[in-house]
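# Fold and geometry: a report
As a plain string of letters, each chain reads:
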Amino acid sequence: MTDRPGVTILSIHGKTPRIHDSAFVAPGCRIVGDVEIGAGSSIWYNCVLRADVSQIVIGERTNVQDGSVLHCDGPSPGHPDGCPLIIGDDVLIGHMAMVHGCRIEDRGFVGLGAIAMNDALIASDSMLGAGAMLTEGKKMGPRELWVGRPAKKMRELPDKAIAGMRLGVAHYAENAKHHAAAIAERGYGPA
């Protein structure tokens, strides 16, 4: 595994985080337990990914922005298999989001400070708006915008919004390379 300066990577219950060598994990992050982070993904400053009771899987080229908290739930009467957190490819998760035991399909978007709870679904090319709360078990359809607390469908997303989300993915993939180089330049490890 690539050296991750300033990052806490902690095994627990016999599970060790698996982070692709090409993924960027910023200093200040805490990655605990059964976490998998795919190629080209980026986990930004001071995020917590804690998979101590179930699993967190993050696909490729996904970004989790600064200060976000990702967790999951173990088995319970309502969820005998628990509620793992499964995140697809090319997903954008905004600053200070809380994502818990849900599923985010490829190209999904979670806005700044939004909350997604157990067994919820953020479908492909859909957007959970800034500050919204997607409550337990709610299912968003593809290309939908949901807002509010609790979140409700507002409208379908136009092609222009989908294109903007794709630009965001490309921006974060490129910006992660610059941050990795800046960290290496300060002597914290390889670029």
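Look up: the structure comes first, before these words.
Let me begin by describing the structure that accompanies this report.

Rules of the game
Per-chain numbering applies: the sequence of each chain, read as written, is numbered from 1 onward. Side-chain atom pairs in this predicted model are given and counted only at pLDDT of 80 or more, local residue features only at pLDDT of at least 70, and totals for whole chains, interfaces and linings cover all residues. The basis for the side-chain values is all heavy atoms of the structure; hydrogens and waters are excluded. Put simply, DSSP H or I for four residues or longer makes a helix, DSSP E for two residues or longer makes a strand, and each gets a number counted from the N terminus. C-alpha atoms define the radius of gyration in this analysis, and the globule rule sets the expected value at 2.2 Å times the number of residues to the power 0.38. Three labels apply to residues, based on accessible area from a 1.4 Å probe with only protein chains included: buried if under 20% of the type maximum, exposed if over 50%, partly exposed otherwise in between. Between two residues, a contact is recorded if the distance between any of their heavy atoms is within 4.5 Å. For this count, His and the chain ends are skipped, Lys and Arg are scored as positive, and Asp and Glu as negative. Working definition for charges: the position is that of NZ of Lys, CZ of Arg, CG of Asp or CD of Glu. Between the rings of Phe, Tyr and Trp (Trp by its six-membered ring), a pair exists once the centres lie within 6.5 Å; its type follows the angle of the planes, with under 30 degrees stacked, over 60 edge-to-face, and the other angles tilted. One side-chain nitrogen of Lys or Arg within 4 Å of one carboxyl oxygen of Asp or Glu is enough to make a salt bridge. The criterion for strand pairing is that DSSP finds at least two bridges linking the strands in question.

Turning our attention to the overall build of the protein. When you go through the protein residue by residue, the secondary structure sums to one helix and 19 strands. Against the 2.2 N^0.38 benchmark of 16 Å for 191 residues, the protein shows a C-alpha radius of gyration of 16 Å, consistent with a compact globule. Its C-alpha atoms give the protein principal-axis dimensions of roughly 50 × 45 × 20 Å. Counting across all 191 residues of the protein, residues that qualify as buried make up 49%. Considering only intrachain contacts with a sequence separation of at least 6, the fraction spanning at least 24 residues in the protein is 23%. Side chains of the protein carry 19 positive and 21 negative charges; the gap between the two charge centres is 5 Å.

On the secondary structure map, threonine 8 appears in strand S1 (residues 8-10). Taking relative accessible area as the criterion, threonine 8 reaches 32% and is therefore assigned partly exposed. Leaving out residues up to four positions away in the same chain, threonine 8 has contacts with Cys29, Arg30 and Ile31.

As a further point, take the packing of aromatic side chains. Under the counting rule described, the total for this entry stands at four aromatic pairs. Both rings, one in tryptophan 44 and one in tyrosine 172, keep their centres 5.5 Å apart while their planes meet at 80°; by these two values the pair is edge-to-face. With tryptophan 44 in the loop between strand S5 (42-43) and strand S6 (48-58) and tyrosine 172 in helix H1 (residues 159-185), this pair connects stretches of sequence that are 128 residues apart. Taken as a pair, tryptophan 44 and tyrosine 172 share a single burial class, namely buried.

Now for the side chain of arginine 4. With respect to the helices and strands, arginine 4 occurs in the segment before S1. For the buried residue arginine 4, which engages in no salt bridge, the nearest side chain bearing the opposite charge is aspartate 21, 4.8 Å off. Residues contacting arginine 4, with those up to four places away along its chain left out, are Ile9, Ile19, His20, Asp21, Ala23, Phe24 and Val25.

The subject of this paragraph is the sheet that holds strand S3 (residues 24-25). With mixed pairing, eight strands are arranged side by side in an open sheet as S3-S5-S7-S10-S13-S16-S18-S19. Every other strand in the sheet has two partners, leaving S3 and strand S19 (152-156) as the edge strands with one partner each. Across two bridges, strand S7 (residues 63-64) lies against strand S10 (residues 92-93) in parallel orientation. When the bridges of S10 are listed, asparagine 63 appears paired with leucine 92.

Attention now goes to the pairing of strand S4 (residues 30-37). A large share of S4 lies buried, amounting to six of its eight residues. In terms of strand pairing, strand S2 (residues 18-19) meets S4 through two bridges, oriented parallel. Looking at the pairing, arginine 18 lines up with glutamate 36 of S4.

Take the environment of valine 25 next. Within the fold, valine 25 resides in strand S3. The exposure class assigned to valine 25 is buried, which follows from its relative accessible area of 6%. The spatial distance from the C-alpha of valine 25 to the C-alpha of histidine 179 is 9.7 Å, given a sequence separation of 154 residues. If sequence neighbours within four positions are ignored, valine 25 has contacts with Arg4, Val7, Ile19, Ile31 and Ile43.

A word on unusual backbone geometry. Between arginine 149 and the following residue, proline 150, the backbone shows a cis peptide bond with an omega angle of 0°. For asparagine 46, which is not a glycine, the phi torsion comes out positive at approximately 65°. With respect to the helices and strands, asparagine 46 occurs in the loop between S5 and S6. On the basis of relative accessible area, asparagine 46 is assigned to the exposed category, the value being 51%.

In short, shape yes, function no, at least from these values alone.
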